[in-house]
Amino acid sequence: MNNEENTQAAPHVEYLISTDLDGTLLDHHTYSWAEASPAINLLKEHAIPIVINTSKTREEVIALQQEIELCDPFIVENGSAIFIHANDDRFERRGMVQQGNLLCETLGIARAVITDKLKSLRAETGFKFTSFSEFSVQDIIDHTGLSEAGAQLAQNRAYSEPLIWQDSDENFDTFKQAILSAGFKILHGGRFIHILGKTNKGLAAQSLMQRMKYEGQTQMIALGDSGNDLDMLNIASTPVLIKSPAHDFPNCIRADAIKTTAYGPKGWNDTIIDLIF
Ligand SMILES: [Mg+2]
C-alpha cells in the first residue's frame, strides 16, 4: 500500500479481500487461521476489508468473525446473501434490510420458497427424495452419520435446501431440468444435493464491490482453493489459487492467477503480504 497517497480522513480503501474459508483462510485439517495472523493484522491496521465469502451459514461466519475480531462485510451460502455491519461507513448500505446489528442484501432465494417448490414438484412427479426440512436433527444424524453439530448446521441454512436423492438417474435428469427452469440451481456436495438460487460467490462479491465508496480505486484480491471459488476468482483484479493438501488446483481460466506455494492460511498470508505490504 502506498501510504503517501493515503491522505483522506475517511479510511482510504484501496483493496478488498474476498476469501473462501475451508482450505483457504482456514487450514484444511485443523480449521486454524493462525498462520494468516500477520497478514490479517496488517489488513486490519489499514482498514482493508477481509470479506469472508463462503458456503457456510450466517451463524457460522458470525462465530468466526468474533474469534478473529473482524467487523467486515461477509457473504454466505455460496453468494446467497451479503451482510454489512450496520456502522461500516466504508460501504453504501442503501436498500439493505436490517437484521439486528447487520444489514442484508439477498441474492439467493429463501429456503421456504425452495422447499415449497420441492413439495409441489414431488406431488406432481412422485419422485423419491428426502429434503432436510422434513427431517429432525436426530433423523439427519440417523440418515447421514453427521455429528449433532453438523446436523444442526445443515438445518440452519437460510438460502439452500440439501436433499438426498432416492430415485433413478433418469428421473434425476427430469428433476434437474424442472429445478433449473423454476429459477434455481443445483450444487452437488459429497453426499447431498443442494438446491439454491441462481447466484454464486462472484456475483455477490461484485455486488458488494459496487457498494464500496471508493469503488473506482479499489482492487479485489480473491483467494480460494476449489471449484466453487472460480466465479469469484474470475471477476477479481487479482485471483489467488491457494494450494490444497487434499486436491489439485481447480482449472482457472485466468492465466494471471497466482498459485501459492504454501498450503492454506500460510499461502494466504505470504501472498497478501507480497501483494499489498
Ligand atoms: Mg475451500
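Treat the numbers as computed from the prediction; the structure is a model and nothing was measured.

Reading the values: the criteria
Residues numbered from 1 in each chain as written. Predicted model: local features only at pLDDT ≥ 70, side-chain atom pairs only at ≥ 80, totals over all residues. Heavy atoms only, no water. Donors = N, O, S within 2.8 Å, 3.2 Å for Na, K, Ca; no water. Helix = DSSP H or I, 4+ residues; strand = E, 2+ residues; numbered from the N terminus. Buried < 20%, exposed > 50% of the residue type's maximum accessible area, 1.4 Å probe, protein only. Domains from an automatic or database assignment. Contact = heavy atoms within 4.5 Å. Buried area = accessible area lost by both parts, 1.4 Å probe. Salt bridge = Lys/Arg side-chain N within 4 Å of Asp/Glu carboxyl O. Polar contact = N/O pair within 3.5 Å; in protein donor to acceptor, adjacent residues only side chain to side chain. Pairing = 2+ DSSP bridges. Axes fitted to C-alpha atoms, helices over the stretch in contact; angles between N-to-C directions. Phe/Tyr/Trp six-rings, centres within 6.5 Å; stacked < 30°, edge-to-face > 60°. Lys NZ or Arg CZ within 6 Å of the ring centre and 35° of its normal.

Draft legend 1. Spotlight on the coordination of the magnesium ion. In this structure, Asp 20 (OD), Asp 22 (O) and Asp 225 (OD) serve as the protein donors to the magnesium ion, at separations of 2.1 to 2.2 Å. For the magnesium ion, all donor residues lie on one chain, and their spacing in sequence is D-x1-D-x202-D. Note that Asp 20 is positioned in the loop between strand E1 (15–19) and helix H1 (37–45) and Asp 225 in the loop between strand E11 (219–224) and helix H8 (230–234), a separation of 205 residues in sequence. Neither residue differs from the other here; Asp 20 and Asp 225 are each classed as buried.

Draft legend 2. Inspection of the domain arrangement of the protein chain at higher detail. We note that the domain assignment places domain 1 (3–108 + 200–276) and domain 2 (111–197) within the protein chain. The interface of domain 1 with domain 2 comprises 14 residues on the first partner and 10 residues on the second. Of the roughly 870 Å² buried between domain 1 and domain 2 on both sides combined, carbon and sulfur atoms contribute 55%. There are 1 salt bridge connecting domain 1 and domain 2. Among the ionic pairs, Glu 77 bridges to Arg 157, the shortest N-O distance being 3.8 Å. Summed over the shared surface of domain 1 and domain 2, the number is 4 residue pairs in polar contact (both at pLDDT 80 or more).

Draft legend 3. Representation of the sheet that holds strand E9 (residues 184–188) in the model. Read across the sheet, 4 strands follow the order E7-E8-E10-E9 without closing on themselves; strand pairing throughout is antiparallel. Among the strands making up the open sheet, the edge pair consists of strand E7 (129–131) and E9. Between one strand axis and the next, the sheet turns by 30 degrees as a mean value, whatever way the strands run. Sheet topology places strand E8 (residues 160–165) next to strand E10 (residues 193–197); 4 bridges connect them, and they run antiparallel. Bridging across to E10, Glu 161 finds its partner in Ile 195. Helix-sheet contacts for helix H3 (residues 111–125) involve E7, E8, E9 and E10, and the interaxial angle to E8 is about 30 degrees.

Draft legend 4. View of the sheet that holds E1. In spatial order, the strands read E5-E6-E4-E3-E2-E1-E11-E12-E13; together these 9 strands make up an open sheet with mixed pairing. Of all the strands in the sheet, just strand E5 (97–99) and strand E13 (258–263) have a single pairing partner and so form its edges. On average, each strand axis in the sheet is inclined to that of its neighbour by 25 degrees, with strand direction left out of account. Sheet strands in contact with helix H9 (residues 264–276) are E1, strand E2 (50–53), E11, strand E12 (238–243) and E13, and its direction is about 130 degrees off that of E13.

Draft legend 5. Structural context of the pairing of E12. Taken across its 6 residues, E12 has 5 buried, putting it largely inside the fold. Two strands pair when backbone bridges link them, and E11 and E12 are joined in this way by 4 bridges, in the parallel orientation. Across the sheet, Ala 222 pairs through a bridge with Pro 239, a residue of E12. Taken together, the 3 bridges between E12 and E13 define a ladder with parallel strand orientation.

Draft legend 6. Just the packing of aromatic side chains, in detail. Under the definition given, this model contains 9 aromatic pairs. Their ring planes at 25 degrees and their centres at 5.2 Å tell us that Phe 74 and Phe 83 sit as a pair that is stacked. What makes Phe 83 buried here is its relative accessible area of 0%. Between Phe 132 and Phe 135 the ring centres are 6.0 Å apart and the planes differ by 50 degrees, which places this aromatic pair in the tilted class. This pair shows no difference in class: Phe 132 is buried, exactly as Phe 135 is. Here the aromatic cluster, defined as three or more aromatic residues joined through ring pairs, consists of Phe 127, Phe 129, Trp 165, Phe 172 and Phe 175. The side chain of Arg 122 reaches across the aromatic face of Phe 129, ending 4.8 Å from its centre.

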